[in-house]
Amino acid sequence: MTKIIELRPDKNLINSKFEKYQFSTDEVPVASEINLTADVHRLELTSNRDSLLETRLFAFHNHLFKNPYDTSCWFIDKNWMVWRFNKDGALEEIHHIHDINANVQNVLYNPSIAFTNNNVVVISDGGNCLKVLLALTQEHAKVFSLSNAEPGIILDVRYVNATSTITVALCSIKSTGEKKFTSLLLLTYTWKNVGESCESFEFTYKETLKVNGAVEYAYIEDDGKYVHSICQDYITFEHPKVQEVEDNKKDSEKSSEIKIPRYCWSQDEDLLTVWIKVDREQQKNVKVNVTPLELSVTLNGIVLIQGQCQHRLDESLTTWRYEEDTFKIELFKYESGLMWNELIKGDSGGEHLPNEELATEIHSRLAHLCTDQTDSKLEGQPCIGFNSEQLEECDLEGKDNLLQRINLVTQENTHLAMLGTNNHVLFTYKTKSGQAICLRHDNDGCLWITGKADDTKWNIENRYIFPGFGYVEASKSNKKFCVSPYDGSYVAILEHARYIFLYKRPELNSQIEKQWIVDLGPETFPIMGAVATNKYLTVLTKNKLYRLHTCF
């Protein structure tokens, strides 16, 4: 069963005395300003790709990529040249993805770069071209093209030493009819004959995951068996386990003549009611277990109902009682008014009974859609009863964000943290040993680090807190990027053009801390990327690379 994780900030890190960030007139020095030989490669959305998911993916794409293993920064220019900006300030050409005059087709996304260690880099051109670079100097680089690639943006790459495999996580937006969703493609390659003249990367397999909504990030664990991400809905597998499909087929064949439901359920705006047929003598042996996302009902060890609920429950209000030869359970919805399509995900053993009173109410609220008469009493009254498959993408805004850990072998959601609608992601970045995630918690920003994990345990540590930064970030309506270095000494908010806001992280009992505003000037092109290190903030525009000194 899925283990629910509570992300509670460390009380010892909370600064309850903090009051404000105060503007400082001290200048933030520009350590270097480099004119690029060619503009940064940027793909604009076409008119037929205007969904919320696609617009969001393109608008917040960071064209500057940080290597967490040596703090270098990478980008790709319009001539398909890959550049590396080293920590010593040198800008170096690394590799030409395509020939300048080549007719490159099927490029649907902006190019992306990801790192799995200091000497292994994976690059996507946003189309069908996916490459691995090794021994990264222009004179000695080894380049391998990976097969079975699809258009998308790389979210993470992981090299697993035990199996000599590399797994690449690609994000893209796809559709079923007019409905758009996020697809997370996991491609795995075996690294063969390492160091030899016949060295190669052989395609092993792929796994396709689907999310109804946006994906904030994806991270593949060291052993390659688990992936975790933050998104607006549960991740599902496009191809469930074959054995499960065969088992379901056998069960359906057995019950094809007469299908008798194992249970019945009904719902209204607030309540789910479940009925199970149980002999009067056995009713005292029924065991019910309810968590926010799962329901289990057993009788003498025999499972009557078990699985993950479609939406969240308020388990503290659950009640049950016996009515003659029926066992009745009342489950309260966490989100009042949200109508469920199914009680247990993928469970076809129950029968949904219509709620006559609710049906009448829905009919009365929607009557104006099929009559010439207008009822003024209903004006402004919300309609209910639509399921999630009928919702537009914009309706996903305001949904709970979910932090999930998924076992790719068993396809199970092993750990889950409900982040709520307000505790949204401020920024994330990859570290040498894990993933950093900064979430808004009330008015603060809490940074969490994922640590070592196994099949049962998942460690997430609250490393530090930015007091008041959740409130600050929410006030920046023109924000494009939010970045912070590994040591958390400061955090930067970069607007779409010209302005950069820097905030120094206060000491534990400080009441006031400094903030700076950097103006790149009215003639500056829009900001296209940013990377924060302990010493510098590197900013990428269309034709320039700025390095700001941040040792405050």
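- The name given to the protein in an unreviewed UniProt entry is NudC domain-containing protein 1, with Dufourea novaeangliae as the source organism.

1. A look at the sheet that holds strand 32 (residues 458-466)
Point 1. One open sheet holds the four strands; their spatial order is 29-30-31-32, and the pairing between them is antiparallel. Only two strands of the sheet have a single partner each, and these edge strands are strand 29 (425-430) and strand 32. The mean inter-strand angle of the sheet, taken between neighbouring strand axes irrespective of direction, is 25°.
Point 2. As paired elements, strand 29 and strand 30 (residues 435-441) share five bridges and run antiparallel to each other. Considered in strand 30, the bridge of Lys 430 is made with Gln 435.

2. Re the pairing of strand 8 (residues 112-117)
Point 1. A large share of strand 8 lies buried, amounting to five of its six residues.
Point 2. Bridging between strand 8 and strand 9 (residues 120-124) involves five bridges; their strand directions are antiparallel. Counterpart to Ile 113 in the pairing with strand 9 is Ile 123.

3. Considering the sheet that holds strand 13 (residues 165-176)
Point 1. The five strands lie next to each other as 12-13-14-15-18, forming an open sheet whose pairing is antiparallel. Two strands in the sheet have a free side with no partner beyond their single neighbour: strand 12 (153-160) and strand 18 (236-237).
Point 2. Inspection of the sheet shows strand 13 paired to strand 14 (residues 179-192) by twelve bridges, in the antiparallel sense. Looking at strand 14, one finds that Ile 166 is bridged to Tyr 189.

4. Section: helix 1 (residues 52-59)
Point 1. All of the buried residues in helix 1 are Leu 53, Glu 54 and Phe 58. End-on view of helix 1: buried residues confined to an arc of 120°, all on one side of the axis.
Point 2. Turning to helix 1, the residues buried within the fold contact strand 13 and strand 14.

5. Concerning the packing of aromatic side chains
Point 1. Using the criterion set out here, one finds 14 aromatic pairs in the structure.
Point 2. In this structure an aromatic cluster arises from ring pairing among Phe 18, Tyr 21, Tyr 464, Phe 466, Phe 469 and Tyr 503.
Point 3. Seen from the ring of Tyr 109, Arg 49 lies directly overhead, with NZ or CZ sitting 5.0 Å from the centre.
Point 4. Residue placement shows Lys 476 over the ring face of Phe 501; its charged tip is 3.9 Å from the ring centre.

6. Structural notes on the environment of Pro 240
Point 1. Its place among the elements puts Pro 240 in the loop between strand 18 and helix 2 (242-254).
Point 2. The exposure class assigned to Pro 240 is partly exposed, which follows from its relative accessible area of 44%.
Point 3. For the pair formed by Pro 240 and Thr 410, sequence separation is 170 residues and the distance between their alpha carbons is 9.4 Å.

7. Concerning the pattern of salt bridges
Point 1. One pass over the structure, following the stated rule, counts 23 salt bridges.
Point 2. Across the pair Arg 498 and Asp 519 runs a salt bridge, and its minimum N-O distance is 2.7 Å. Highlighted residues: Arg 498 in the loop between strand 34 (490-495) and strand 35 (499-504) and Asp 519 in strand 36 (residues 512-519), separated in sequence by 21 residues.

8. Focus: the pairing of strand 12
Point 1. The buried fraction of strand 12 is high, at seven of eight residues.
Point 2. Bridge analysis of strand 12 against strand 13 gives seven bridges, and the strand direction is antiparallel. Bridge pairing links Arg 158 to Thr 167 in strand 13.
Point 3. Between the end of strand 12 and the start of strand 13, which pair antiparallel, lie four residues, with Ser 164 showing a positive phi angle near 55°.

Cut-offs used in this document
Residues numbered from 1 in each chain as written. Predicted model: local features only at pLDDT ≥ 70, side-chain atom pairs only at ≥ 80, totals over all residues. Heavy atoms only, no water. Pairing = 2+ DSSP bridges. Helix = DSSP H or I, 4+ residues; strand = E, 2+ residues; numbered from the N terminus. Axes fitted to C-alpha atoms, helices over the stretch in contact; angles between N-to-C directions. Buried < 20%, exposed > 50% of the residue type's maximum accessible area, 1.4 Å probe, protein only. Arc of directions from axis to C-beta. Contact = heavy atoms within 4.5 Å. Phe/Tyr/Trp six-rings, centres within 6.5 Å; stacked < 30°, edge-to-face > 60°. Lys NZ or Arg CZ within 6 Å of the ring centre and 35° of its normal. Salt bridge = Lys/Arg side-chain N within 4 Å of Asp/Glu carboxyl O.

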